[in-house]
Structure formats: structure tokens, C-alpha cells
Amino acid sequence: MKKVLIGFGGLLVLVTVCAVLALAALSGVAEADRASVNGVPEAYQPWVYRAARQCHDPGLTSALLAAQLFEESGFRADARSPAGAEGPAQFMPATWATWGRDDDHSGSASPYEIGDAVMAQGRLMCSLLAQARASGIADDPRRLALAGYNAGWAAVQSCRGVPPYGETQRYVADIMGNLGRFGEAGRMPEIAGGVVGPAAARKAATQLGVPYSYGGGSPAGPSRGHCDGDDGFRGGECLADTTLGWDCSALVQYAYWPARQLPRTAAEQYAATADHPVAQAELRTGDLLFWRHGNGHVYHVALYLGDGAMISAPKTGDVVKKAPIADMPVSDFAGATRP
């Protein structure tokens, strides 16, 4: 693992900047592990699947491991830092001694071998996720585990969250923001049709797993958001300021852009499309679903997928996901429209 000294509060804080990977033969990988992961080099694909499956924590997905590998080394198995961090995982020798094993059965455990390094990355992340869930810290356990991987778990415990180091906060935000880029192909919904609505739904589906960020996102992609009133906070902490992601209406705007250049907020999108209402029995893929409190303002929008499901960026602390429409309050449903 690469180590960097960062000045904080007049002290030098030793930050472990971890990574992940190495060079390995795939002959020992079971056929069941050879699934495709979007955007991941073929040599790494079976290993990120296997590493995710060895951990019983649902937060450790192949997409998370892949995004972390990309952040650490750009999938370079021969990467070596000036500080002595080795392989695409950038393990320092002492850390490798704890987590490294001969997972690819090559006869030696090496941080430069892809299989060995990715499996070691998975073991370390699985351990950190367990500590995050047991910590009682009010944040996404994945964010806490990534912060621990980068800055050390002691720093996460001391700060009761992601430490206020610029490097660590960027590290966590970048990886969480790239989850959609490396989403597992098998989890992407099948969306047929070439017209505007299905095309928008397919585009929104590329962002599955990207975190919610109040005020975040634009037609250009996910971005950091902001806190406003009670929005953007979780457990008293403003997550939006440091979270690269989407709020509900930004995701919809992005999905339809540039074919339909919808306005930014859910209320504005409802007003802009209200002249094309759709009855629930006639919903098609890509139609917009809206919710509001009583006769008040529209507070949420999602894209209809079919079979009673939607793609939605629901709330702070959650991620863009496929979910049943029934997850939202029936009494708040304001209607559906077709852009």
C-alpha cells in the first residue's frame, strides 16, 4: 500500500493509500466466475466476481471492487509507487503480509499477480465493511470502508466518519461515483426499443449503484451536491457536499438529454410534461412518475421500467436503483407523464 504523509491540525497523519491488483493466470478460475463486468479488463473480471462472492456483506460488489481498482492503478498490474507500493493494488509489503495469499495457485503469493491482489483487496474490504457496520457511525458502510482502506480505520474511528483529508474525500467520492460505470452486466435490466423513452431508461440504468447526492448531477454526468435545510444530511452530517452522484430529477434530466431537454427539478419536470399525462394502465418504459405531499409541490420523480418497477435515485444515503413503484407512498402519487 502506498503511504502518504498529510498535514492535518498541525500533525502529520500517516495515510495508507491502498490499491488493488496483480498479474495472474486464469486457468484455475471456475467457469461460473467468468461473468462480464462493464468496463473491466477481461483478465480482472473473474477475480472481482470471486472476491465479491467470498464476502457475505452485500455492500462488497464486483462493481465496487472494480471502481476501486480503477482509482488505485487504472488496472495496471505492473504499477509501483515511489514509496514502494506494489502492483495494481498498491500493497505495501507489511500489509501484503497480512492479506496476501496464493489465490491463483501459481506457487507464490504476489501483489503483482491479478488474482492474488484482487482477492486480497476483497478480504481487506470485507473486514473494513464489518468494522463499518459495527461502528455505529451514521454513514454508508461502503464509504466508511473505502475511507478506512485509504486513510486507515483508526482515522475513520477518530473522525467518526470519512476523515477530512482532501485526498481521502476525493478517493471515496470518485469510487462511489464510478459504481455505475463498472456495474455488473447481469444486473442491468433488459430494456428493449429504440424510441426516446426506452433509450432514456437504458441511459439511466448505466448509473445503477451511483450514490444519491442532493443537488448533484447534470446533463454532463454525476457531480457533488449541496445541503439545503434538512436535505442532503444523514445523521447530522452533510453528505451531499462530498458525494459525487445524482438526485432524482438530475438523473431524469440526464437520461433524456439531449433528445428531450427537461428542466432541472422534479416540480419543473412535472409542469413541463403535464400536458402529456399517462394513465397507470398505459404506462410505457421511460414514462415519468411523480409524487407530492397532498396538494403541495412535487418532491420526487422516477423513470418507469415496466412490470411495476422503476429506476429511482431515492434519498441521501441510498443509491440509484431498480425498485418497485410500491416502495413509494400510494397516497403521494401525483401522476405519470410521457416527455
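Cut-offs and rules
- Residues numbered from 1 in each chain as written.
- Predicted model: local features only at pLDDT ≥ 70, side-chain atom pairs only at ≥ 80, totals over all residues.
- Heavy atoms only, no water.
- Buried < 20%, exposed > 50% of the residue type's maximum accessible area, 1.4 Å probe, protein only.
- Helix = DSSP H or I, 4+ residues; strand = E, 2+ residues; numbered from the N terminus.
- Pairing = 2+ DSSP bridges.
- 1 Å grid on protein atoms, 1.4 Å probe; cavity = no way out; pocket = protein on both sides within 12 Å on 5 of 7 lines; lining within 4 Å.
- Points joined across faces, edges and corners; volume = space filled by probe spheres on them.
- Nonpolar A, V, L, I, M, F, W, Y, C, P; charged D, E, K, R; others polar.
- pLDDT = per-residue confidence, 0-100.

Visitor: I keep staring at the pairing of strand 10 (residues 309–312) and nothing clicks. Help me out?
Guide: Side chains A309 and I311 project from strand 10 onto one buried face, and the interleaved M310 and S312 project onto a second face that is buried too. Here strand 9 (residues 298–306) runs beside strand 10; their pairing, made up of 3 bridges, is antiparallel. Considered in strand 10, the bridge of L303 is made with I311. As defined by bridge partners, strand 10 adjoins strand 11 (residues 321–324) across 4 bridges and the pair is classed as antiparallel. Looking at strand 11, one finds that S312 is bridged to K321.

Visitor: Explanation requested: the layout of surface pockets in the structure shown.
Guide: If you roll a probe as big as a water molecule over the atoms, it shows you where there is empty space left. Here the largest pocket is characterised by a volume of approximately 470 Å³. Considering the residues around the largest pocket, the lining is formed by 21 residues, among which Y212, Y214, D231, C248 and Y299 are closest to the centre. Of all the elements in the fold, those that place two or more residues in the lining of the largest pocket are helix 9 (248–256), helix 10 (266–273) and strand 9. Within the lining of the largest pocket, the residues separate by chemical class into 9 nonpolar, 7 polar and 5 charged.

Visitor: Would you explain the confidence of the model for the protein in this entry?
Guide: A low pLDDT score tells you not to read the predicted coordinates there in detail. For the protein, the mean per-residue pLDDT works out to 84, and 86% of the residues sit at or above 70. Averaged pLDDT values for the elements of the protein fall to 32 in strand 2 (residues 11–17) and rise to 98 in helix 10.

Visitor: Honestly, the pairing of strand 9 in this entry has me stumped. Any pointers?
Guide: Every other side chain in a regular strand lies on the same face of the sheet, so the side chains alternate between the two faces. Summarising burial for strand 9: 8 of the 9 residues are buried, a large majority. In this sheet, strand 9 lies alongside strand 8 (residues 288–292) in antiparallel orientation, the contact comprising 5 bridges. Across the sheet, the residue bridging to L288 is L303, located in strand 9. Hairpin connection, strand 8 to strand 9: the antiparallel pair is bridged by 5 residues, and G294 has positive phi, about 55°. Hairpin connection from strand 9 to strand 10: 2 residues lie between these consecutive antiparallel strands, with D307 at a positive phi of about 55°.

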